[in-house]
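# Inside the fold
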Amino acid sequence: TRIRFESPEAETVFKSILNKIDDQQELELAKKYRSENHKKQNRYALFTKVAASLLIICTLGYYFYNGFVDIDQPDTSVVVVQKQNIAGQKSKIYLPDGSEVWLNAESKISFPEQFSDGKREVTLEGEAFFDVVKNPKQPFVVRADNMTTTVLGTSFSIKAFPEESVAFVALNTGKVKVNIDNDKGGDALYLSPGEGIRYDKINQKSMKETIDRESSFSWKDGIIVFEDAH
């Protein structure tokens, strides 16, 4: 459709009106676009905040339940020290509480770098002589094979090699309690100086006996005692 204007001035006015209409439409479209875009931005910002919160909650939950977050709890990690002798070698070891251990050849002992407040515990495989610092508040416990020897302060020896069928505890000074775990429910025996416990691992039987202190403890001083020698 063509429109004929009576004068150039009328045509100019008409075009000006059309331009204003176009400008107004563009302005409305721009406002609408900005409004929709703002809504999208608001939705995106809200989504981002929610996602970040969920991520933080999940991360804290994971680390908390897996022990990586330690809230008002002391460090419970324990450093274990292990000493071992080869054949023909003996050694003297000082424990964290000042107790002394003479470890025989082909023997191994394990103990924490620092004892806990409630108990001093070591694990022995082989033979060792113990001179334990007395501390009634901290019982000293030696685990060897099926035997658990508990003392407060004394000197004694334990012989418990895994490949041997008999384990032995001999008391030099003080007093000890020896618990033996077996299929029969376990036994608890008390030793006085000069007594020992011999445990037969095959038959699961224990027997208390009088010991010869020289032959029982001399090995730590490098002395070899021959029994029934003529």
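Source: prediction; values computed, not measured.

What counts and how
Residues numbered from 1 in each chain as written. Predicted model: local features only at pLDDT ≥ 70, side-chain atom pairs only at ≥ 80, totals over all residues. Heavy atoms only, no water. Patch = residues over 30% accessible without salt bridge, like charges linked within 9 Å, V, L, I, M, F, W, Y side chains within 5 Å. Areas by Shrake-Rupley, 256 points an atom, 1.4 Å probe, with all protein chains shown as cover. Salt bridge = Lys/Arg side-chain N within 4 Å of Asp/Glu carboxyl O. Lys, Arg positive; Asp, Glu negative; His and termini not counted. Charge placed at Lys NZ, Arg CZ, Asp CG, Glu CD. Helix = DSSP H or I, 4+ residues; strand = E, 2+ residues; numbered from the N terminus. Buried < 20%, exposed > 50% of the residue type's maximum accessible area, 1.4 Å probe, protein only. Contact = heavy atoms within 4.5 Å. Polar contact = N/O pair within 3.5 Å; in protein donor to acceptor, adjacent residues only side chain to side chain. Phe/Tyr/Trp six-rings, centres within 6.5 Å; stacked < 30°, edge-to-face > 60°.

## Let's talk about a negative patch on the surface
- Among the surface-exposed residues, Glu-106, Glu-125, Glu-163 and Glu-164 lie close enough to one another that they form a single negatively charged patch.
- Inspection of the secondary structure assignment puts Glu-125 in strand β5 (residues 120–131).
- Residue classification places Glu-125 among the partly exposed residues on the basis of a relative accessible area of 38%.

## A short note on the environment of Asp-145
- Tracing the chain through its elements places Asp-145 in the loop between β6 (140–144) and β7 (147–151).
- When its relative accessible area of 39% is taken as the criterion, Asp-145 is described as partly exposed.
- On a C-alpha basis, the gap between Asp-145 and Phe-161 in space is 7.8 Å, while along the polypeptide they are 16 residues apart.
- Leaving out residues up to four positions away in the same chain, Asp-145 has contacts with Leu-124, Ala-160, Phe-161, Pro-162 and Lys-201.

## Re the side chain of Ser-99
- For Ser-99, the location among the structural elements is in the loop between β2 (91–94) and β3 (100–103).
- Looking at Ser-99, its side chain comes within polar contact range of the side chain of Asp-97, at 2.8 Å.
- Polar side-chain contacts of Ser-99 include one of 2.9 Å to the backbone nitrogen of Val-133.
- The contacts of Ser-99, once residues within four sequence positions are left out, are Ile-93, Tyr-94, Arg-120, Asp-131, Val-132, Val-133 and Phe-140.

## Quick word on the pattern of salt bridges
- In the structure shown here, the tally under the stated rule is seven salt bridges.
- Residue Lys-92 is joined to Glu-100 by a salt bridge in which the shortest nitrogen-to-oxygen separation is 3.5 Å.
- What makes Lys-92 partly exposed here is its relative accessible area of 40%.
- Where Glu-121 meets Lys-119, a salt bridge forms, and the shortest distance between an N and an O atom there is 3.1 Å.
- With a relative accessible area of 25%, Glu-121 lands in the partly exposed category.
- Look at Lys-119 and you get partly exposed, because its relative accessible area is 37%.
- Each of Lys-119, Glu-121 and Arg-143 takes part in a single network of salt bridges with overlapping partners.

## Details of the packing of aromatic side chains
- Applying the stated criterion across every chain yields a total of five aromatic pairs.
- Measuring from centroid to centroid gives 5.6 Å for Trp-102 and Phe-129, while their planes differ by 65°, and the two rings are edge-to-face. Of the two residues, Trp-102 sits in strand β3 while Phe-129 sits in strand β5, which places them 27 residues apart along the sequence. Side by side, Trp-102 and Phe-129 carry an identical accessibility label, which is buried.
- For the ring pair Phe-129 and Phe-217, a centre distance of 5.4 Å and an interplane angle of 70° mean the geometry is edge-to-face. With Phe-129 in strand β5 and Phe-217 in helix α2 (residues 213–217), this residue pair connects regions lying 88 residues apart in the sequence.

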